[in-house]
Amino acid sequence: MSPNTDQLFRRLQQSRFRSRFHLGSKERQYCLDKGAETVQRHAADFIALRLAPAAPANDGKQTPMRGHPVFIAQHATATCCRGCLAKWHGIPAGAELSDQQQQYVVAVIFRWLVQEMNN
């Protein structure tokens, strides 16, 4: 279903587009203020609402480029739309994401956020 996450993160780092995303001071502070558990819950909610349906509304444009740390992480990790999920993660479009797939996406997003917070 998905590549090894270490391999995925190496590929993401090599992408000029994906590697340009980073948390700004406001997003870092948001993560600190809300805490890891809350931000992870936000990620799960965003994925369930915006990415999990078989045909998400505005697919390809449903994830803003800013406004929440999870949105930035989604672009950095290619979990922003069903097309990117298919291309980067091997999760085909056209079918609702399973609970396991949603958990995988949230784990990828959270890993990126942790790395950003620790840099």
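Parameters at a glance
- Residues numbered from 1 in each chain as written.
- Predicted model: local features only at pLDDT ≥ 70, side-chain atom pairs only at ≥ 80, totals over all residues.
- Heavy atoms only, no water.
- Helix = DSSP H or I, 4+ residues; strand = E, 2+ residues; numbered from the N terminus.
- Buried < 20%, exposed > 50% of the residue type's maximum accessible area, 1.4 Å probe, protein only.
- Contact = heavy atoms within 4.5 Å.
- Phe/Tyr/Trp six-rings, centres within 6.5 Å; stacked < 30°, edge-to-face > 60°.
- Lys NZ or Arg CZ within 6 Å of the ring centre and 35° of its normal.
- Expected span 1.5 Å × (residues − 1).
- Axes fitted to C-alpha atoms, helices over the stretch in contact; angles between N-to-C directions.
- Parallel < 35°, antiparallel > 145°, perpendicular 65-115°, else oblique.
- Nonpolar A, V, L, I, M, F, W, Y, C, P; charged D, E, K, R; others polar.

## Some points on the environment of P64
In this fold, P64 is placed in the loop between helix 3 (36-51) and helix 4 (69-76). For P64, a relative accessible area of 31% corresponds to the partly exposed category. Measuring from C-alpha to C-alpha, the distance between P64 and C80 comes to 8.7 Å, with 16 residues separating the pair along the chain. Contacts of P64, omitting those with residues within four sequence positions, involve R50, F71 and H75.

## Quick word on the packing of aromatic side chains
Applying the stated criterion to the full structure yields two aromatic pairs. Here F17 and F21 contribute two aromatic rings whose centre-to-centre distance is 5.2 Å and whose plane-to-plane angle is 85°, an arrangement assigned as edge-to-face. Given a relative accessible area of 9%, F21 falls into the buried group. Consider the rings of F46 and F71, whose centres lie 4.8 Å apart with planes at 35°: the pair is tilted. Of the two residues, F46 sits in helix 3 while F71 sits in helix 4, which places them 25 residues apart along the sequence. We classify F46 as buried; its relative accessible area is 17%. Using a relative accessible area of 7% as the deciding quantity, one classes F71 as buried. In this structure, R111 is placed above the aromatic ring of F9, and the distance from its NZ or CZ to the ring centre is 4.3 Å.

## Here's the deal with unusual backbone geometry
Positive phi, normally seen in glycine, also occurs at N58, with a value near 55°. Mapping N58 onto the fold places it in the loop between helix 3 and helix 4. Assessed through its relative accessible area of 60%, N58 is described here as exposed. The backbone of A78 shows a phi angle near 60°, a positive value even though the residue is not glycine.

## Here we look at helix 3
Look at helix 3: 21 Å from first C-alpha to last across 16 residues, which is about the 22 Å you get at 1.5 Å a residue. Three or more residues of helix 3 are buried, namely T38, V39, H42, A43, F46, I47 and L51.

## Things to note about the packing of helix 2 (residues 25-34) against helix 3
Put simply, helix 2 and helix 3 touch, their axes get as near as 6 Å, and they point 110° apart. Relative to helix 3, helix 2 is oriented roughly perpendicular. Contacts between helix 2 and helix 3 involve Y30, C31 and K34 on the former and, on the latter, A36, T38, V39 and H42. Within the contact of helix 2 with helix 3, the residues separate by chemical class into four nonpolar, two polar and one charged.

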